[in-house]
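# Secondary and tertiary structure notes
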Amino acid sequence: MSNSAKTAKKKFFNLHFTVTVSIALVLFLIGFIALLLMVGKDVSNYVKENVNMSVVLEDSISSANKFALEKAVKAMPATKSYDYISKDQALKDHIRDLGENPQDFLGYNPLLASYEIKLKSDYANPDSASKMETQLKQFLGVKQVMYQKDIVHLVNNNIQKTGFILSGVALILLFVSIVLLNNTIRISIYSKRFLINTMKLVGAKAWFIRRPFILKSLLNGLTAALLALVMLAGAVYYLQYEIGATFNLYRLDVLIIVGGLVILFALIITFFASLFAVNRYIRMRTDSYYFV
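These lines cover the structure that appears in this document, whether it is placed above or below. Here the structure is a predicted model, which is why all the values come from computation and not from measurement.

### Description of the pattern of salt bridges
By the definition in use, this model includes 4 salt bridges. Between Asp-93 and Arg-96 there is a salt bridge; the shortest N-O distance is 3.5 Å. Of the two residues, Asp-93 and Arg-96 both sit in helix α3 (residues 87–98), 3 residues apart, roughly one turn of that helix. Exposure remark for Asp-93: the relative accessible area of 18% places this residue in the buried category. When its relative accessible area of 61% is taken as the criterion, Arg-96 is described as exposed.

Right, here's the structure in full:
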C-alpha cells in the first residue's frame, strides 16, 4: 500500500472516530438529561412522601373510637402509610432524642399516643393536607392534628421552581446538542463532497447517492448510541454508589426509557442530518464545490 493510500486511510479512520465519539458525547448528554428529569420526579415524590401528619389522641379515647379512627386513616386516599405510637413508645423516643426522662420529675408520662401518617406525594400539598386535617379533627378522642404547614408550602414551591429550572436547562442543552450533532455530521459529509459530485457527473440518481451516506450515518449513530449507553451505565453506577439506598437508579423502566430515547434520537438525528447535508451537495453546481 502506498504512503498516500495509508495517509488517506488514516485520515478517514481519524474522521470516522472523531465523528462517532462526538455523537456519543452528545447522546450521553441527552441521555443524562432524560435520566435527571425522570429521577427528579422520584426525588420530588420522596420529599413529599416524607411529610408527616401527627394525629394526637386523648388519654381518654375509647377503644371503639380508636378503632374507627384507625380504620378511617387507613381508608383515606391520601394515606401512604401510618404507624401507631403508644404513650410508652413516645416516651422512649423522647428519651432517645433529647436524653431526658420527663417522668422522673413529673411522676407520670405526659406524652400522648398518636398516629404518624405519611402522605402520598399527590396529596402532600396545602389544600389536601388541610382537608385531611379537618376530617381527622371530627373524630372523638382526637386532641390535635399537627403537620408543618410552612414545610408543606416550602416543599411544593421549591419543587415547582426546581422543575421549571431543570426543564429550561434541559431544553437549552437539547437544542445545543442537536446543533452540535448536526454540524458534526455535516462536517463528515463535507469531506466527501467531491465524491458526491463525481457520482452526479457519471449519472447516478439522487437516491443512489444518498443511500450509502445515510446508511453509514445510521451505523455511526447506532455505534455512538451504544458507546453513550456504556458511559451512562458508568454514570448511573457512580451516582447510585454516591447516594446509597435512598433512591434506586437501577429501575428497569427508567433504564429502558432512557436507553430507547438515546438510540431513537441517534437514528433520527443522524438520518435527517445526513439527508439534508447530502441533498445540499446534490443540488450544488460543480464550480461551487471549491468555494464551500
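Structure's up, so let's keep going.
### So, the packing of helix α8 (residues 206–243) against helix α9 (residues 252–283)
Running from N to C, α8 and α9 point in directions that differ by 150 degrees, and their axes come no closer than 8 Å. Taken together, the axes of α8 and α9 are roughly antiparallel relative to one another. Handedness of the crossing formed by α8 with α9: right-handed. A per-class count over the contact of α8 with α9 returns 19 nonpolar, 6 polar and 1 charged.

### Things to note about α3
Since the α-helix advances by 3.6 residues per turn, residues separated by three or four positions end up pointing in the same direction. Between the first and last C-alpha of α3 there are 16 Å, a value that for 12 residues agrees with the 16 Å anticipated at 1.5 Å per step. Of the positions making up α3, those classed as buried are Ala-90, Leu-91, Asp-93 and His-94. Projected down its long axis, α3 carries its buried residues within an arc of 165 degrees, all on one side. Exposed and oriented more than 90 degrees from the buried face of α3 are Asp-88, Lys-92 and Arg-96. In the core, the buried residues of α3 are packed alongside β2 (79–85) and α4 (102–106). In the stretch just after α3, Gly-99 is the one whose phi turns positive, near 75 degrees.

### As for the sheet that holds strand β1 (residues 52–57)
Taking strand neighbours across the sheet as the criterion, the 4 strands line up as β2-β3-β1-β4 in an open arrangement whose pairing is antiparallel. On the outer flanks of this sheet lie β2 and β4 (142–146), each paired with one strand and no other. Pairwise comparison of adjacent strand axes, ignoring direction, gives a mean angle of 20 degrees for this sheet. Relative to strand β3 (residues 114–119), β2 runs antiparallel, the two sharing 6 bridges. Bridge pairing links Ile-85 to Ser-114 in β3.

Definitions and limits used
- Residues numbered from 1 in each chain as written.
- Predicted model: local features only at pLDDT ≥ 70, side-chain atom pairs only at ≥ 80, totals over all residues.
- Heavy atoms only, no water.
- Salt bridge = Lys/Arg side-chain N within 4 Å of Asp/Glu carboxyl O.
- Helix = DSSP H or I, 4+ residues; strand = E, 2+ residues; numbered from the N terminus.
- Buried < 20%, exposed > 50% of the residue type's maximum accessible area, 1.4 Å probe, protein only.
- Axes fitted to C-alpha atoms, helices over the stretch in contact; angles between N-to-C directions.
- Parallel < 35°, antiparallel > 145°, perpendicular 65-115°, else oblique.
- Left-handed = near helix turned anticlockwise from the far one by under 90°.
- Nonpolar A, V, L, I, M, F, W, Y, C, P; charged D, E, K, R; others polar.
- Expected span 1.5 Å × (residues − 1).
- Arc of directions from axis to C-beta.
- Contact = heavy atoms within 4.5 Å.
- Pairing = 2+ DSSP bridges.

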